[in-house]
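# Coordinate analysis (summary)
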Amino acid sequence: MTALEARAVSKRYRRVWALRDCNLAIPAGRVTALVGPNGAGKTTLLHLAAGLRRATAGSIRVLDGLVPGSADALPGVGFVAQDATLYRRMSVAGMLHMAQNLNPVWDGAYAVRRIGELGIPLNARVGGLSGGHQAQLALAIALAKRPRLLLLDEPLARLDPLARHEFLGVLMAAVAADGISVIFSSHVLAELERICDYLVLLSRSHVQLAGQIDAVLAGHQVLTGPPDQVPNLPATLAPIRIAQAGAQVHLLVRVNGRRQPIPSGFTAQPTALEELVLAYLGEPSATALPGPELAAPTGSTR
């Protein structure tokens, strides 16, 4: 089952390609980190999945084959934008009432309970709420739709650390309770590593890296050793990044899930998600897409 599937999807705005030949299949039930530099196409991909835009070429489907924006897909997809789509002059109660009228499936009791737990008065004006409370209101409205797929476009961008923590707590409680699929675009890699189990890296309008996070990390190592031995590395170790530090060289290498002998003079260490993402962003020609080598590691509990 897939939460989102893209086949050769491209999107052009006049002469600028926001996405080019994007091929992607995100399994259902995952909390997916969608990362990449500004302008990589993250927001465009989420807008296509939400049905807010139409692809220039290719096809995109959500929830096992539904057309985004269709009558069948709309009730099952929730969307929270970076600048939450809220009417600042309305009261919180007014926003909930309007959302109820716009959505065929609506759990009003859940929305009111969540707002109450956050200490947000129903008669408060939306424009008078803090950024954190506005983000929580947008999330409560999205979750009250009882979606099967939740799309989040940089919802943490303007939140302080406490507001981010509270937002993620509500999100993960909903994931645990309802088993929804989430695609979460953010630059806050430390937060994403804590809550996400699947990774999609967009760079220069195409998918550069994708797979289960545990499997992606297990498929890479950091080797440290003498620079003069780098030419002697076996061909099975594919370097992604080489960095010199004094008399030592640090190499991020792809081992593709196979146990590799450590070359003489080198030591091997696991890599962290942020280190891995930055290395790939620094080498736009490098790719690592789902395949047998990125299957879930045996015994993975992530």
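In the block above lies the structure referred to throughout.
Residues numbered from 1 in each chain as written. Predicted model: local features only at pLDDT ≥ 70, side-chain atom pairs only at ≥ 80, totals over all residues. Heavy atoms only, no water.

Given two aromatic rings, their pairing is described by the distance between the two centres and the angle made by the two planes. Within the structure shown, the criterion is met by zero aromatic pairs. The aromatic ring of Trp17 is capped on one face by Arg20, whose charged end is 4.3 Å from the ring centroid. In this arrangement the basic side chain of Arg146 is found over the ring face of Tyr110, its NZ or CZ atom lying 4.5 Å from the centre. (Phe/Tyr/Trp six-rings, centres within 6.5 Å; stacked < 30°, edge-to-face > 60°. Lys NZ or Arg CZ within 6 Å of the ring centre and 35° of its normal.)

Taken together, six strands build an open sheet; the order of strands is S5-S6-S7-S3-S8-S9 and the sheet is mixed. What marks the edges here is a single partner per strand, and that holds for strand S5 (77-80) and strand S9 (206-212). Averaged over all pairs of adjacent strands, the angle between strand axes in this sheet comes to 15 degrees, irrespective of strand direction. Taken together, the six bridges between strand S8 (residues 198-203) and S9 define a ladder with antiparallel strand orientation. The partner of Leu199 across the bridge, within S9, is Gly211. (Pairing = 2+ DSSP bridges. Helix = DSSP H or I, 4+ residues; strand = E, 2+ residues; numbered from the N terminus. Axes fitted to C-alpha atoms, helices over the stretch in contact; angles between N-to-C directions.)

Glancing now at the packing of helix H3 (residues 108-117) against helix H4 (residues 131-144). Interhelical geometry of H3 versus H4 gives an angle of 160 degrees and a closest axis separation of 9 Å. One finds that H3 runs roughly antiparallel with respect to H4. As H3 runs across H4, the sense of the crossing is right-handed. On H4, the residues that touch Tyr110, Ala111, Arg114 and Ile115 of H3 are Gln136, Leu137, Ala140, Leu143 and Ala144. In terms of residue class, the contact of H3 with H4 is built from seven nonpolar, one polar and one charged. (Parallel < 35°, antiparallel > 145°, perpendicular 65-115°, else oblique. Left-handed = near helix turned anticlockwise from the far one by under 90°. Contact = heavy atoms within 4.5 Å. Nonpolar A, V, L, I, M, F, W, Y, C, P; charged D, E, K, R; others polar.)

The next point concerns the pattern of salt bridges. One pass over the full model with this rule turns up eight salt bridges. Between Asp178 and Arg146 there is a salt bridge, with the nearest N and O atoms lying 3.0 Å from each other. Pair noted here: Asp178 is in helix H5 (residues 161-178) and Arg146 is in the loop between H4 and strand S6 (149-153), with a separation of 32 residues, a long-range link. Accessibility expressed as a relative area gives 33% for Arg146, which makes it partly exposed. We note a salt bridge from Arg164 to Glu191, for which the minimum N-O separation is 3.6 Å. Here the residue Arg164 occupies a position in helix H5, and Glu191 occupies one in helix H6 (residues 189-195), the gap between them amounting to 27 residues. One continuous salt-bridge network, built from bridges that share partners, spans Asp107, Arg146 and Asp178. (Salt bridge = Lys/Arg side-chain N within 4 Å of Asp/Glu carboxyl O. Buried < 20%, exposed > 50% of the residue type's maximum accessible area, 1.4 Å probe, protein only.)

These figures capture arrangement, not role.
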